[in-house]
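Below are the chains, spelled out letter by letter.
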Amino acid sequence: MKSRYIKRRKKFHYIIISVTIIVCLLGTVFTSLAILNSSKDLLVANAENELKMKMIDVERNLGINLTDSQDDKTDAVNVAYPYNDKVGLLNENVDKSNTYYQITDNKNMTITTDNVLTVYYDDIRGTLSHIRNYISFDVIRNLLSDNEYKEICGYLNTPADSDGNYYLLICKKFYESEKYGYVPCQLEVVKTNKVNDWYVQDEVVKTYSFDLSKYDYLTIEELKVTPFENDEMYRNIIDTDFFLGKDKPKYSQKDVEQILKDNALLYYDIYESPAVVNDGIFKCYLLCSDYYYNTENRLISDLDDSDYVYKVVQGSYLIVSLKEIDLLNDCLWKFITVFAVAFTIMAVVITVEIFSWKDFKRRTAQEETRLEMTNAIAHNLKTPLFVIGGFAENLKNEEDAEKKLHNIEIIQQQTEEMDILIHRMLDLSRFDSPALKLNCEAFDFKPFIEKILENYYVHTEHEIIFIYNSKAKIKADPAMLKTVLENLIDNAEKYSDYGSDITINVSDDVLSISNQCSSFDRENLSKLWQPYFRAAKGDNKSGSGIGLSIVKSALEMHGFKYKAEFENGIITFKFRFTSLD
């Protein structure tokens, strides 16, 4: 019955823990999915607004720069190279790590957010003053040899020194190409400082010059023009991260076309409404497109004719954009918070259940011990009471004076054993009281033991051998330690084989008491410290069975380590006391 109750209680704890874990896991999953969906909706909405705002900006600028220089030969009123303008426009203020833009005009000329840097350069002649264009990483990289590129990277990666000096890469001289934007013909590495305001204040460390006639970046006509050059005041700085390749776009036209193909989408599909394409659980793409048409009457002047005429200028552009949405990056801390809360709840419930189960087992064990103690006490008291009752009855009817005296002696003997038993029971219960405190003091151990042994030398039938090889002083409660030694000696005396010796040995800070006990069963070694336990083969010996329990409690109160050993028919009790030496 009791075993079934314990199993039911254990099953109950397992059910609570299992239900808690399942509920927390399910709650975590559903909460995470809700966070994922809500974050996705918000990020998609923000990305869509960002792409549309950029496309509106592109369309507004395209309306200003529709004139094609090759066909219309525009005058200085219009921008000379609209192709370059579009490239600069697309790459301006764009996060190239996860955003892509593309413009395709009516002549199928496609411009994308390639690895270029939008720049505003100044010219010493004053013909250029903060004019927007772009500079291409591929062009610069192709102009430089591998050693030159590594050398410049070494300068740019050098941290500022103790005086605050650092290195910059300057585009000193450059041409303007219709196809490739600004093409440098001379780069400089300069050492500058935050306190320097002008280029002339900088120290030129290294100059790199290029013969652009060996490359196809410029037409013959473009090479005939005198290159632009920054003045002594302004620096035409090439961004360090861009030069180091950190501004390289993640997506290309080919990547976008592949994403559309994989999801069976066409440009007009994302023109009607933006498309959200999933790429795994934590990543998706937002794709948008728009067609821009523009027709204007403009006052155009032919370069060979000073007359101005109105001419219809038309433009047709397909604008495509892509934005990568990284849900994990946005939701990571939210997920961590959800998992932390779920884990905390599980940990708290599991901890409470573990402590509850341990408390239940402790109370069950206490109840079992209490029941065993009650049975043992009843058994130990029943025998002397039975003997006392029997001899008292005999004493009442006995007329022989000698027999009466014998009965009285038996009654007195049983009364003394009961008194000893009760006192030991009181001693054992005293150790469970929180009010019990140690009164420790330091004293010499050898005379202390010798005084205790004086009472045993006369009455014992066994020879007691006392060996003392220690100069250590002990710190303990003398009264309690006396009880420990008396119980150990009594136990050795009671259960020693007839005619055998009892050995008490103190070496360094270890005390051991050994006696021969051939009737002892090794399997009972671990049970010796239990209250009211007596070895089966020693049941014919008189005793309470609580002496070693008192020893155990007293030694634990002192913090002394103890153990029992049984080898070759000899049982040994040891404890290590704390030496003051």
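What counts, and where the lines are drawn
Residues numbered from 1 in each chain as written. Predicted model: local features only at pLDDT ≥ 70, side-chain atom pairs only at ≥ 80, totals over all residues. Heavy atoms only, no water. Patch = residues over 30% accessible without salt bridge, like charges linked within 9 Å, V, L, I, M, F, W, Y side chains within 5 Å. Areas by Shrake-Rupley, 256 points an atom, 1.4 Å probe, with all protein chains shown as cover. Salt bridge = Lys/Arg side-chain N within 4 Å of Asp/Glu carboxyl O. Helix = DSSP H or I, 4+ residues; strand = E, 2+ residues; numbered from the N terminus. Buried < 20%, exposed > 50% of the residue type's maximum accessible area, 1.4 Å probe, protein only. Pairing = 2+ DSSP bridges. Expected span 1.5 Å × (residues − 1). Axes fitted to C-alpha atoms, helices over the stretch in contact; angles between N-to-C directions. Contact = heavy atoms within 4.5 Å. Core = buried A, V, L, I, M, F, W, Y, C linked by side-chain atoms within 4.5 Å.

**Student:** What exactly am I supposed to notice about a nonpolar patch on the surface here?
**Tutor:** The grouping of Ile281, Phe282, Leu328, Leu332, Trp333 and Ile336 at the surface amounts to a nonpolar patch, some 600 Å² of accessible area in total. Within the secondary structure layout, tryptophan 333 lies in helix H10 (residues 327-397).

**Student:** Explanation requested: the pairing of strand S6 (residues 181-192) in the structure shown.
**Tutor:** For a regular strand, the rule is simple: side chains alternate between the two faces of the sheet. Counting buried residues in S6 gives eleven out of twelve residues, a clear majority hidden from the surface. Taken together, the eleven bridges between strand S5 (residues 166-177) and S6 define a ladder with antiparallel strand orientation. Looking at S6, one finds that leucine 169 is bridged to valine 189. Following S5, the chain reverses through three residues before pairing antiparallel with S6. Bridge count for S6 against strand S7 (residues 203-209) is six bridges, and the pairing is antiparallel. Opposite glutamate 188, over in S7, you have threonine 207 as the bridge partner.

**Student:** Help me understand helix H12 (residues 445-457) in this model?
**Tutor:** Counting along an α-helix, one turn takes 3.6 residues, and residues three or four places apart therefore face a common direction. Under the 1.5 Å per step criterion, the end-to-end length of H12 is 19 Å for 13 residues, consistent within 8% with the ideal 18 Å. Buried within H12 we find Phe445, Phe448, Ile449, Ile452, Leu453 and Tyr456.

**Student:** Is there a simple way to think about the environment of alanine 472 in this case?
**Tutor:** Structurally, alanine 472 can be placed in the loop between strand S14 (464-469) and strand S15 (473-476). Placed 26 residues apart in sequence, alanine 472 and lysine 446 show a C-alpha to C-alpha distance of 9.3 Å.

**Student:** Help me out: how do you make sense of the sheet that holds strand S19 (residues 570-576) in this one?
**Tutor:** Sheet strands associate in pairs through backbone hydrogen bonding, adopting either a parallel or an antiparallel arrangement. Spatially, five strands are ordered S14-S16-S17-S19-S18 in an open sheet, and the strand pairing comes out mixed. The strands lining the two open edges of the sheet, one partner per strand, are S14 and strand S18 (561-567). Strand after strand, the sheet turns through a mean of 15° between neighbouring axes, direction not considered. Against the sheet, helix H13 (residues 478-495) touches strand S16 (502-507), strand S17 (510-516) and S19, its axis set at about 20° to S17.

**Student:** Got a minute to help me understand the nonpolar core in this structure?
**Tutor:** In globular proteins that are soluble, nonpolar side chains generally tend to be buried together. Formed by 41 residues in total, the largest nonpolar core has its most connected members in Phe445, Leu481 and Phe575. Ranked by residues supplied to this core, first place goes to H13 with eight residues. If we skip the residues at most four places from it in the chain, phenylalanine 445 touches Tyr468, Ile474, Leu481, Leu485, Val506, Leu511, Phe575 and Phe577. By size, the runner-up hydrophobic cluster in this structure holds 32 residues, among which are Tyr121, Ile140, Tyr182 and Phe243.

**Student:** Teacher, can you tell me more about the pattern of salt bridges here?
**Tutor:** Side chains that differ in charge, positive against negative, can pair when their charged atoms come close. With the rule as written, the count across this model stands at 18 salt bridges. Lysine 482 is the partner of glutamate 486 in a salt bridge, and the nearest nitrogen-oxygen pair spans 2.7 Å. Taken together, the residues span about one helical turn, with glutamate 486 and lysine 482 both in helix H13 at a distance of four residues. What emerges from the salt-bridge pattern is a single network uniting Asp359, Arg362 and Arg363.

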